[in-house]
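As a plain string of letters, each chain reads:
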Amino acid sequence: MLKMSNEYNTMKRLFYILIPVYNVEKYINNCIESVLNQTYSNFKIIVVDDGSPDNSGKICDDYAKNDERIDVIHKENGGQLSARQSAIKRVLELQKKDVKKESYIMYLDSDDSLKNTALEEINQIISDNNCDMVIYGYDRVSNGKVVRKYNPKNNYEGIVDDKKELYNIVFNNYSYNSLCRKAVKTTLIKDMDYSEYFHISHAEDLLQSLEYYKNTNKTYFLNKALYNYTINENSITQTVNHINYNINFEIREKVMEFLEIEAVFNDEDWKKYRSYCIKLIIDEILTISSFDISAKEKKKYFSEIQSSEYYNCYIKNKAFDKNEVGKKSILYNLFGKKIYFPIITSVKCY
């Protein structure tokens, strides 16, 4: 049973739900309805139609005509990061008109949905803990049914107000990258210029999260699913193959630079984080190895990783924990010596 917020907090706190929309007429109704059906009603939906070629934009306009809490922005296609930045600009404009109102933003992808008590539970946590950010879990769904429930194992629960502890949690677990797991106080948000990263289709969530991690004083980790992540076969995150794959470590380099500037990690923290990064590199190597392309083409991808600034400046010849990396450290050592054939042929073993 939820502990109900007192009337003052319920009426005062506003949630902005930011929804970038592109070519999702099959999903957008369910997405918007999941917000409209919340048990907590003090919210505003900012929808950004990112040049959708289908009826997505019209569907959103129809909703806006019937509910003043829905604000629709139409723009030329620029990608999800561009759409989200348009939504942020609108939120900041609205905040200037009412700076005294406490508010938080939440991100909702247009093919996903919120559990119907999500806002109420997040509002309660904020009231009880006076936190700047709430990070929660999600279930994976398909055709409206949960196909993989959120697993609380290996996820943190409770308050974190120490930067070193926070960075060790969020940067060593890729599942925390998602913006859709975060409710963020608007005072933490700035009108950042991310235009140089608009071409990136992966890891942009992590890029945007950096400022939130830096600016938060207190973060609450709720080890519970409040979000439904739809397994969409047409989503770019579900269709990685040799046709759309490319080596791009821009965001990972940005994280390394961020951590160096923040200067809260000691040697053991860096060792742990590099071990995590090595596991991610090995996962990329295994992904490349699984592609239906020639060994020559796979070796070309491997060479790109080998010659990258990320690998050479931040990973290569740096200390890491072999126990943390586990049996994948064998592949990493082979990769470092450019012995690629065993890697290509052993992909099924991992």
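Scoring rules and cut-offs
- Throughout this document, residue positions are counted from 1 along each chain, in the order its sequence is written.
- It should be noted that, the model being predicted, local features are given only for residues of pLDDT at least 70 and side-chain atom pairs only at 80 or more, the latter also being counted only at that level, while totals for whole chains, interfaces and linings use all residues.
- Hydrogens are left out, water is left out, and the side-chain values use all remaining heavy atoms of the structure.
- One speaks of a salt bridge when a side-chain nitrogen belonging to Lys or Arg is within 4 Å of a carboxyl oxygen belonging to Asp or Glu.
- Numbering of helices and strands runs from the N terminus; a helix is a DSSP stretch of H or I covering at least four residues, while a strand is a stretch of E covering at least two.
- With a 1.4 Å probe rolled over the protein chains alone, any residue whose accessible area is under 20% of its type maximum counts as buried; one over 50% counts as exposed, and the rest are partly exposed.
- We define the nonpolar core as a collection of buried residues of types Ala, Val, Leu, Ile, Met, Phe, Trp, Tyr and Cys that are connected through side-chain atoms lying within 4.5 Å of one another.
- A strand pair is defined by DSSP finding two or more bridges across the two strands.
- Two aromatic rings from Phe, Tyr or Trp, using only the six-membered ring of Trp, form a pair when their centres are within 6.5 Å; if the ring planes differ by under 30 degrees the pair is stacked, by over 60 it is edge-to-face, and anything between is tilted.
- When checking whether two residues touch, look at their non-hydrogen atoms; a contact exists if any pair is within 4.5 Å.
- Throughout, an axis means a line fitted to C-alpha atoms (over the contacting stretch in the case of helices), and angles, computed between N-to-C directions, take values from 0 to 180 degrees.
- Comment on the angle field: the value is read as roughly parallel under 35 degrees, roughly antiparallel over 145, roughly perpendicular from 65 to 115, and oblique elsewhere.
- Should the near helix be turned anticlockwise from the far one by less than a right angle, the crossing is termed left-handed; should it be turned clockwise, right-handed.
- A cavity here means a set of points on a 1 Å grid, drawn over the protein atoms and nothing else, where a 1.4 Å probe fits but cannot get out; a pocket is an open set with protein on both sides within 12 Å along at least five of seven lines, and a residue lines either one if it has an atom within 4 Å of a point.
- Grid points are joined across faces, edges and corners, and a volume is the space filled by probe spheres set on the points.
- Ten residue types, Ala, Val, Leu, Ile, Met, Phe, Trp, Tyr, Cys and Pro, are classed as nonpolar, four, Asp, Glu, Lys and Arg, as charged, and the remainder, Gly among them, as polar.

(A) Quick look at the pattern of salt bridges. Enumeration according to the criterion identifies 17 salt bridges in this entry. A salt bridge links Asp62 to Lys65; the shortest N-O distance between them is 4.0 Å. On the criterion of helical spacing, the pair formed by Asp62 and Lys65 is a turn pair, its members being three residues apart in helix α3 (residues 56-66). Residue Asp62 is classed as partly exposed on the basis of its relative accessible area of 30%. The exposure class of Lys65 is exposed, given its relative accessible area of 70%. For Arg69, the salt bridge is made with Asp67, and the minimal N-O distance between the two is 2.8 Å. Several salt bridges share partner residues, and in doing so they unite Arg13, Glu102 and Lys185 into one network.

(B) Examining the nonpolar core more closely. Core analysis: the largest hydrophobic core is formed by 111 residues, its most contacted members being Phe15, Ile17, Ile105, Phe171, Tyr273 and Ile315. Element by element, the count of residues in this core is highest for helix α9 (residues 267-290), at eleven residues.

(C) Geometry of unusual backbone geometry. Positive phi, close to 55°, is recorded for Asn23, a residue that is not glycine. Relative to the elements of secondary structure, Asn23 occurs in the loop between β1 (14-21) and α2 (28-36). Phi is positive for Ala263, close to 55°, though the residue is something other than glycine. For Ala263, the position within the fold is in the loop between α8 (250-262) and α9.

(D) Looking closely at the pairing of strand β6 (residues 133-142). When you tally the buried positions in β6, you get eight out of ten residues, the bulk of the element. The pairing of β6 with strand β9 (residues 182-185) spans three bridges and is antiparallel. Across the sheet, Ile135 pairs through a bridge with Lys182, a residue of β9. Alignment of β6 against strand β10 (residues 219-230), held across eight bridges, turns out to be parallel. Following the sheet pairing, Val141 is matched in β10 by Thr230. Here β6 pairs with strand β7 (residues 145-148) via three bridges, running antiparallel. Counterpart to Arg140 in the pairing with β7 is Arg148. Two successive antiparallel strands, β6 and β7, enclose a turn made up of two residues, where Asn143 displays a positive phi of approximately 55°.

(E) A look at the packing of aromatic side chains. Counted under the stated rule, the structure contains 22 aromatic pairs. Seen from their ring centres, Tyr156 and Phe221 are 5.5 Å apart, and the 75° between their planes marks the pair as edge-to-face. One end of the pair, Tyr156, is in the loop between β7 and β8 (158-160); the other, Phe221, is in strand β10, with 65 residues separating them in the sequence. Using a relative accessible area of 1% as the deciding quantity, one classes Phe221 as buried.

(F) Representation of the environment of Ile17. Note on placement: Ile17 falls in strand β1. By relative accessible area, which is 0% here, Ile17 ends up buried. Expressed as a C-alpha distance, the spacing of Ile17 and Ile46, which sit 29 residues apart in the sequence, is 6.0 Å. Once residues within four sequence positions are removed from consideration, Ile17 is found in contact with Val35, Phe43, Lys44, Ile45, Ile46, Met106, Leu108 and Leu119.

(G) Inspection of the packing of α2 against α3 at higher detail. Following both chains from N to C, one finds α2 and α3 inclined at 25°, their axes separated by 10 Å at the closest point. Taken as axis vectors, α2 and α3 run roughly parallel relative to one another. Between α2 and α3 the crossing geometry is right-handed. Along the contact surface, α2 presents Ile28, Asn29, Ile32, Glu33 and Leu36, while α3 presents Ile59, Cys60 and Tyr63.

(H) Expanded view of empty space enclosed by the protein. Evaluation of the coordinates by the stated rule reveals one cavity of 30 Å³ or more. Volume-wise, the largest cavity comes out at about 60 Å³. Looking at the largest cavity, the residues that line it are Gln85, Ile88, Tyr107, Ile189, Lys190, Met192, Tyr194, Gln208, Glu211 and Tyr212. Of all the secondary-structure elements, those providing two or more residues to the lining of the largest cavity are α4 (80-97) and α7 (204-215). Of the residues forming the lining of the largest cavity, the biggest block, three residues, is contributed by α7. Of the residues contributing to the lining of the largest cavity, the split by class is six nonpolar, two polar and two charged.

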